[in-house]
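So the chains spell out like this:
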Amino acid sequence: MSTPKHMDESAFASFYESTKRQLWLYIVRVVGDASVADDLFQETYLRFLQHTLRESDEKAVKSYLYRIATNLANDHWRKLKRHRTWFGADQDDTPQVTDPRNPDLRHDVGAALRQLSARQRSLLWLAYVEDYGHKEIAGMLKLREGSIKVLLFRARQKLSEVLRHMGISPEATP
């Protein structure tokens, strides 16, 4: 296996070290299961290494990495939905993320995020945690750039609605 055309082994090692934590956190938030996230995380870097990239700009390369992760997460959800349809599983579709290090409020927000769709979680994560712009998010999620603003607005509204329903609102926080 070789590294992408613009990276030698040490450049990839540096890129990996600078992206691994945030990428894993992104994947686990989208799929909601740490063991599935581990598998998708490894598969993301494997696929990244198998492709020759046209871009050498670090931001574009990182964007491509997240696009791979997003596609793998979407594939995971499609397979899970198909499996549940075929076998009639009566399982809750909301992913369960547990992190004993999180304080109660953060746990509540995590529970609220689990009530959003995978796309909504992806949009919010990429925009507000990873700080990507609309154009970059559109490329990662294979959406039109003009749609991102509306989809982010709807995702924020949905999250706000869920948080209010849980009793978490700006007035309720200290």
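Just so we're clear, the structure is a prediction, and the values are computed from it rather than from any experiment.

## Topic: the environment of isoleucine 68
Here isoleucine 68 shows up in helix α3 (residues 58-87). Given a relative accessible area of 8%, isoleucine 68 falls into the buried group. C-alpha of isoleucine 68 to C-alpha of phenylalanine 41: the two residues are 27 residues apart in sequence and 9.7 Å apart in space. Contact partners of isoleucine 68, with chain neighbours within four places excluded, come to Thr44, Arg47 and Phe48.

## Regarding helix α6 (residues 134-141)
Residues Ile137, Ala138, Met140 and Leu141 constitute the buried set of α6. Considered in projection along α6, the buried side chains sweep an arc of 165° and stay on one side of the axis. At the exit of α6 stands lysine 142, carrying a positive phi of roughly 55°.

## With respect to the nonpolar core
One finds Leu23, Tyr26, Ile27, Val31, Phe48, Leu126 and Ile137 to be the most contacted residues of the largest nonpolar core, which totals 47 residues. At the level of elements, α1 (9-31), α2 (34-50), α3, α5 (118-129), α6 and α7 (145-165) are the ones that each hand at least two residues to this core. In terms of residue count, α3 provides more of this core than any other element does, 9 residues in total. Ignoring anything within four residues of it in the chain, the contact list for tyrosine 26 reads Tyr66, Ala69, Thr70, Ser122, Trp125, Leu126 and Leu141.

## A look at the packing of α1 against α2
Two quantities define a packed helix pair, namely the angle between the helix axes and the distance between the axes. Relative orientation of the contacting elements α1 and α2 amounts to 140°, with a least axis distance of 9 Å. Taken together, the axes of α1 and α2 are oblique relative to one another. With respect to the hand of their crossing, α1 and α2 are arranged in right-handed fashion. Residues Phe12, Phe15, Tyr16, Thr19, Lys20, Leu23, Trp24, Ile27, Val28 and Val31 of α1 form the contact with α2, whose participating residues are Ala34, Val36, Ala37, Asp38, Leu40, Phe41, Thr44, Tyr45, Phe48 and Leu49. Taken together, the residues of the contact of α1 with α2 sort by class into 16 nonpolar, 2 polar and 2 charged.

## Overview of the side chain of threonine 19
Looking at the element boundaries, threonine 19 is found in helix α1. Given a relative accessible area of 1%, threonine 19 falls into the buried group. Of note is the side chain of threonine 19, whose polar atom sits 2.8 Å from the backbone oxygen of phenylalanine 15. One polar contact links threonine 19 to tyrosine 45, side chain to side chain, over a distance of 2.5 Å.

Cut-offs used in this document
Residues numbered from 1 in each chain as written. Predicted model: local features only at pLDDT ≥ 70, side-chain atom pairs only at ≥ 80, totals over all residues. Heavy atoms only, no water. Helix = DSSP H or I, 4+ residues; strand = E, 2+ residues; numbered from the N terminus. Buried < 20%, exposed > 50% of the residue type's maximum accessible area, 1.4 Å probe, protein only. Contact = heavy atoms within 4.5 Å. Arc of directions from axis to C-beta. Core = buried A, V, L, I, M, F, W, Y, C linked by side-chain atoms within 4.5 Å. Axes fitted to C-alpha atoms, helices over the stretch in contact; angles between N-to-C directions. Parallel < 35°, antiparallel > 145°, perpendicular 65-115°, else oblique. Left-handed = near helix turned anticlockwise from the far one by under 90°. Nonpolar A, V, L, I, M, F, W, Y, C, P; charged D, E, K, R; others polar. Polar contact = N/O pair within 3.5 Å; in protein donor to acceptor, adjacent residues only side chain to side chain.

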